[in-house]
Amino acid sequence: MKNIVITGGNRGIGLGLLNNLSKDHNVIITSRTEEKGLNAIRSIVQSPKKVDFVIMDVNKSESVIKGFAKIKEKFEHIDVLFNNAGILIPGLKFNISAVDTDEESILKTFNTNTIGVLRVTKQSVLLMKSGARIINISSGMGQLDDMGSGSLAYRLSKTALNALTKVMANELSERNISVNAICPGWVQTDMGGKDANLTINESVSKIISFALGHEFPTGKFLRHGEIIPW
Ligand SMILES: NC(=O)c1ccc[n+]([C@@H]2O[C@H](COP(=O)([O-])OP(=O)(O)OC[C@H]3O[C@@H](n4cnc5c(N)ncnc54)[C@H](OP(=O)(O)O)[C@@H]3O)[C@@H](O)[C@H]2O)c1
């Protein structure tokens, strides 16, 4: 049984991970509010093992530090961290061009999707031992090899997250902590919309079989367990 932390676990892919992983593992999700955290925990179908939430806004260092102080009270160590919390500012979902994108949206998106992951990982590694795993939920929209257009803020934030993943994988290898970025596919969540081709359960089951699988590389970008180009 593993000790697992999922950021942004109150809805979408994070809640799907909680639902699935709580059947066999101890899981703590982070939520920005008490109400959302409680609702998520109460929504779990299966009888939970050890499931809880802590309040955390990944945009704020102080909130992340406070959240991890609570996690430390519940978990002696963390085996697996899912850096899942992320935003796609609604106005940027569509084809607003790079030159029409406002700077504030870019900075706001970076603060959550990129620096938020750094803030969380910084605290998490203090509770990690050799063999621990970090899964950064990135996106094909950050893939340089297949870069499209539109949604500039989101794309930049995820490309930078991929770079952060490589750097952290290099630096944490001496502690035998593995770090990978994954694309969950296009998923039916508030962010992905109802036209997405994967249900939350379909995406989450693939994420989990990779994240908890026997083979777990480090410093790679994967989709559905297959390595893809950066
Ligand atoms: N859905 C897709 O098709 C798709 C595709 C590729 C990648 N992804 C990535 O997958 C991850 C999950 O996406 P999703 O589709 O599940 O999105 P979602 O349904 O919009 O859920 C996003 C989650 O992140 C949380 N969050 C946002 N900002 C936060 C902050 N500052 N601090 C803490 N939590 C915060 C949200 O909390 P609140 O409820 O408080 O807002 C929510 O729990 C994201 O990183 C996303 O970029 C999704």
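All residue numbers refer to position in the chain's written sequence, counted from 1. A pLDDT threshold of at least 70 governs which residues receive local features in this predicted model, and a stricter bar of 80 or more applies before side-chain atom pairs are shown or counted, although totals over entire chains, interfaces and linings include all residues. Only hydrogens and water are removed before side-chain values are computed, so all heavy atoms of the structure are retained for them.

1. Quick notes on the site of the ligand
Phase 1 of the analysis: The nearness test applies per residue and asks whether one of its heavy atoms lies within 4 Å of the molecule or strand. Around the ligand sit 29 residues in total, of which Arg11, Arg32, Lys36, Tyr154 and Thr189 are the nearest.
Phase 2 of the analysis: Contacts to the ligand include Lys36, whose side-chain N or O atom sits 2.7 Å from an oxygen atom.
Phase 3 of the analysis: A distance of 2.5 Å separates an oxygen atom of the ligand from a polar side-chain atom of Thr189.
Phase 4 of the analysis: With residues, only the protein chains shown are counted as cover, and all accessible areas are computed by Shrake-Rupley using a 1.4 Å probe. The protein chains hide 96% of the 900 Å² of surface that the ligand would expose on its own.
Phase 5 of the analysis: Cavities and pockets are defined on a 1 Å grid built over the protein atoms alone: a cavity is a set of grid points where a 1.4 Å probe fits but cannot escape, while a pocket is an open set with protein on both sides within 12 Å along at least five of seven lines, and lining residues are those with an atom within 4 Å of any such point. For a molecule to be placed in a cavity or pocket, more than half of its atoms must lie within 2 Å of the grid points of that cavity or pocket. Of the pockets mapped on this structure, the ligand occupies the largest pocket.
Phase 6 of the analysis: Elements are defined by DSSP. Helices are runs of H or I of four residues or more, strands are runs of E of two residues or more, and each kind is numbered from the N terminus. Among the secondary structure elements, those contributing two or more residues to the shell around the ligand are α1 (12-21) and α5 (152-172). Polar contact is the term for a pair of N or O atoms within 3.5 Å; when the atoms are in protein, one must be able to donate a hydrogen and the other to accept it, and sequence-neighboring residues count only if both atoms are side-chain atoms.

2. Concerning unusual backbone geometry
Phase 1 of the analysis: Even without a glycine there, the phi angle at Ser151 is positive, about 45°.
Phase 2 of the analysis: Checked against the element boundaries, Ser151 lands in the loop between β5 (128-137) and α5.
Phase 3 of the analysis: With phi around 55°, Asn176 is a residue other than glycine that occupies positive phi space.
Phase 4 of the analysis: By the element assignment, Asn176 lies in the loop between α5 and β6 (178-183).
Phase 5 of the analysis: The cut-offs for exposure are 20% and 50% of the maximum accessible area for each residue type, with area from a 1.4 Å probe on protein chains only; residues under the lower value are buried, those over the upper are exposed, and the others partly exposed. You can call Asn176 partly exposed: its relative accessible area is 41%.

3. A closer look at the packing of aromatic side chains
Phase 1 of the analysis: Only Phe, Tyr and Trp rings take part, Trp by its six-membered ring, and two of them pair if their centres are within 6.5 Å. Stacked means planes under 30 degrees apart, edge-to-face means over 60, and tilted covers everything else. Tallied over the full model, the rule gives two aromatic pairs.
Phase 2 of the analysis: With 5.4 Å between their ring centres and 15° between their planes, Phe221 and Trp230 make a pair best called stacked.
Phase 3 of the analysis: By relative accessible area, Phe221 is classed as buried at 1%.

4. Quick notes on empty space enclosed by the protein
Phase 1 of the analysis: Grid points are joined across faces, edges and corners, and a volume is the space filled by probe spheres set on the points. Throughout the structure, instances matching the rule amount to one cavity of 30 Å³ or more.
Phase 2 of the analysis: Surrounding the largest cavity, Ile182, Cys183, Pro184, Ser203, Lys206, Ile207, Phe210, Leu222, Arg223, His224 and Gly225 form its lining.
Phase 3 of the analysis: Elements supplying a minimum of two residues to the lining of the largest cavity: β6, α6 (200-211) and β7 (221-223).
Phase 4 of the analysis: No other element matches α6, which puts four residues into the lining of the largest cavity.
Phase 5 of the analysis: Throughout, the ten residues Ala, Val, Leu, Ile, Met, Phe, Trp, Tyr, Cys and Pro are labelled nonpolar, Asp, Glu, Lys and Arg are labelled charged, and all others, Gly among them, are labelled polar. Here the residues of the lining of the largest cavity are counted per class, giving six nonpolar, three polar and two charged.

5. Focus: the sheet that holds strand β4 (residues 78-83)
Phase 1 of the analysis: Note: two strands are recorded as paired if DSSP finds a minimum of 2 bridges between them. Strand order in the open sheet made by the eight strands is β3-β2-β1-β4-β5-β6-β7-β8, with mixed pairing throughout. A strand with exactly one partner marks an edge of an open sheet, and here the two such strands are β3 (51-55) and β8 (226-227).
Phase 2 of the analysis: Looking at chain direction, β4 and β5 are connected through five bridges and run parallel. Within β5, the position partnered with Asn83 by the bridge is Asn136.

6. Observations regarding the pairing of β4
Phase 1 of the analysis: A large share of β4 lies buried, amounting to six of its six residues.
Phase 2 of the analysis: Sheet analysis places strand β1 (residues 3-6) next to β4, joined by three bridges and oriented parallel. Bridging from a neighbouring strand, Val5 pairs with Leu81 of β4.

7. Regarding the side chain of Asn113
Phase 1 of the analysis: By the secondary structure assignment, Asn113 is in helix α4 (residues 103-124).
Phase 2 of the analysis: Taking the relative accessible area as the measure of exposure, Asn113 reaches 1% and is therefore buried.
Phase 3 of the analysis: Engagement of the side chain of Asn113 in a polar contact is seen with the backbone nitrogen of Ile87, the distance being 2.8 Å.
Phase 4 of the analysis: There is a polar contact of 3.1 Å between the side chain of Asn113 and the side chain of Ser157.

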